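# Structure assessment
If you want the building blocks of each chain, they are given just below.
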Amino acid sequence: MRIILLAILLLNTIQLSFGQNSAGKITFEKKRDWVKIQSKATYLSKEQKDRMAQTWKNETEYKQKMVLSFNEKQSHYTFENQEEQSEDGTYSWRNDLMVITRDFENGKILELYETLGKSYVVEDSLKFSKWKILNEIKEVSGYICMKASTYEPVKRQNVVAWFTTDIPVSSGPERFGGLPGMILEINIDDDAIVYTSSVIALAPIQEIPKLPKKLKGKKVTIDFLNKETEEYIKQQEAMHNFPWAIRY
């Protein structure tokens, strides 16, 4: 009965929100805990894990800011800053290219990636994980959100999402989407990787950043890139190495 009531509440909220709160910009904080990420690697020895934990003991968490611009027709997701530096300013780096655009009207996705030492242009139909909507709610960034879960088979990750129907756009950080509302928080493998909305700026109209006219990289599908990633992970596992080259 409670699940039925929640479903009715979802439908009513979507109808009230449709046409409102459907455009804007969300800044996500992406936080990775390298010790927790590496602790799941069963192919690493205890000595290797201990060595990594010692290496990261003073800075186990690594934070980045990501930005999602969206409206009813499309969305654009990338780094807030391509060039970044450490909190103490002692070193800086350039992020690998990563842009994810979604065309909701035509059911298309276009991604620009630098990963596995190569540049890719991913063109495909919109594909989302199969979510299980759960009977839990909590507040995220001032919005009441419902819980959903899924499993990501390529990187073997357990994923929990918190989404709100008050922003009736089926999108979220990274490739996550396909729920009846905007995803405001993603939690992967019990806090190993967490995306949390930090700033939500809704607007009647939101312009979507333009992509370069000439896209550089090998044109592939999502399935092709997933296969490449899986093969790389298996190769590194066979050598008892952590697969650093993939995106976490």
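Residues numbered from 1 in each chain as written. Predicted model: local features only at pLDDT ≥ 70, side-chain atom pairs only at ≥ 80, totals over all residues. Heavy atoms only, no water.

## Details of the layout of surface pockets
Taken as a whole, the second largest pocket holds about 730 Å³ of empty space. What lines the second largest pocket is a set of 28 residues, among which E152, V154, K155, R175 and N226 lie closest to the centre. Elements that contribute at least two residues to the lining of the second largest pocket include exactly β7 (108-115), β10 (143-152), β13 (193-202) and α4 (222-238). Top contributing element to the lining of the second largest pocket by residue count: α4, with 6 residues. Grouping the amino acids of the lining of the second largest pocket by side-chain chemistry returns 13 nonpolar, 5 polar and 10 charged. (1 Å grid on protein atoms, 1.4 Å probe; cavity = no way out; pocket = protein on both sides within 12 Å on 5 of 7 lines; lining within 4 Å. Points joined across faces, edges and corners; volume = space filled by probe spheres on them. Helix = DSSP H or I, 4+ residues; strand = E, 2+ residues; numbered from the N terminus. Nonpolar A, V, L, I, M, F, W, Y, C, P; charged D, E, K, R; others polar.)

## Re the pairing of strand β1 (residues 24-33)
The buried count for β1 comes to 7 of 10 residues, which makes it a mostly enclosed element. Two elements, β1 and strand β2 (residues 61-70), share 10 bridges in a ladder whose sense is antiparallel. Across the sheet, the residue bridging to E29 is K65, located in β2. Bridge count between β1 and β13: 9 bridges; the pairing is antiparallel. Along β13, the bridge assignment pairs K25 with A201. (Buried < 20%, exposed > 50% of the residue type's maximum accessible area, 1.4 Å probe, protein only. Pairing = 2+ DSSP bridges.)

## A few points about the packing of aromatic side chains
Scanning the model with the defined rule gives 5 aromatic pairs in all. With a centroid separation of 6.2 Å and 80 degrees between ring planes, the pair formed by W34 and Y248 is classed as edge-to-face. Of this pair, W34 sits in helix α2 (residues 34-39) while Y248 sits in the segment after α4, and the two are 214 residues apart along the sequence. The two residues W34 and Y248 agree in class, both being buried. (Phe/Tyr/Trp six-rings, centres within 6.5 Å; stacked < 30°, edge-to-face > 60°.)

## What to know about the sheet that holds strand β6 (residues 98-103)
If you trace the 12 strands from one edge of the open sheet to the other, you get β9-β10-β11-β12-β13-β1-β2-β3-β6-β7-β8-β14, paired in mixed fashion. Two strands in the sheet have a free side with no partner beyond their single neighbour: β9 (132-140) and β14 (218-220). Between one strand axis and the next, the sheet turns through 20 degrees on average, direction left out of account. Sheet topology places β10 next to strand β11 (residues 157-164); 7 bridges connect them, and they run antiparallel. Each residue of the ladder has a partner; that of S149, found in β11, is V160. Against the sheet, α4 contacts β7, β8 (118-125) and β14, and its axis sits at roughly 135 degrees relative to β8. (Axes fitted to C-alpha atoms, helices over the stretch in contact; angles between N-to-C directions. Contact = heavy atoms within 4.5 Å.)

## Focus on the confidence of the model for the protein chain
Scored by pLDDT, the protein chain has a mean of 87; 86% of the residues are at 70 or more. This model gives residues 3-18 a pLDDT under 50, and the stretch forms 14 contacts once residues within four places in sequence are excluded. (pLDDT = per-residue confidence, 0-100.)

## With respect to the nonpolar core
Y77, W131, M182, I183, L184, I186 and F242 are the most contacted members of the largest nonpolar core, which has 50 residues in total. The element that contributes the greatest number of residues to this core is strand β12 (residues 182-188), accounting for 5 residues. When residues no more than four places from it in sequence are discounted, the contact partners of F242 are W34, I37, Q38, A41, Y43, L44, M52, Q236 and Y248. (Core = buried A, V, L, I, M, F, W, Y, C linked by side-chain atoms within 4.5 Å.)

## What about the pattern of salt bridges?
A side chain with one charge can pair with a side chain of the opposite charge if their charged atoms come near. Counted under the stated rule, the structure contains 11 salt bridges. E111 is paired through a salt bridge with R175; the nearest N and O atoms lie 2.9 Å apart. Remark: R175 occurs in the loop between β11 and β12 and E111 occurs in strand β7; sequence separation between them is 64 residues. E111 gets classed as buried once you look at its relative accessible area, which sits at 0%. Ionic pairing is found between K127 and D124, a salt bridge with its closest N-O pair at 3.4 Å. Here K127 falls in the partly exposed class, since its relative accessible area comes to 36%. For D124, a relative accessible area of 15% corresponds to the buried category. Through salt bridges with shared partners, a single ionic network connects K30, E174 and R247. (Salt bridge = Lys/Arg side-chain N within 4 Å of Asp/Glu carboxyl O.)

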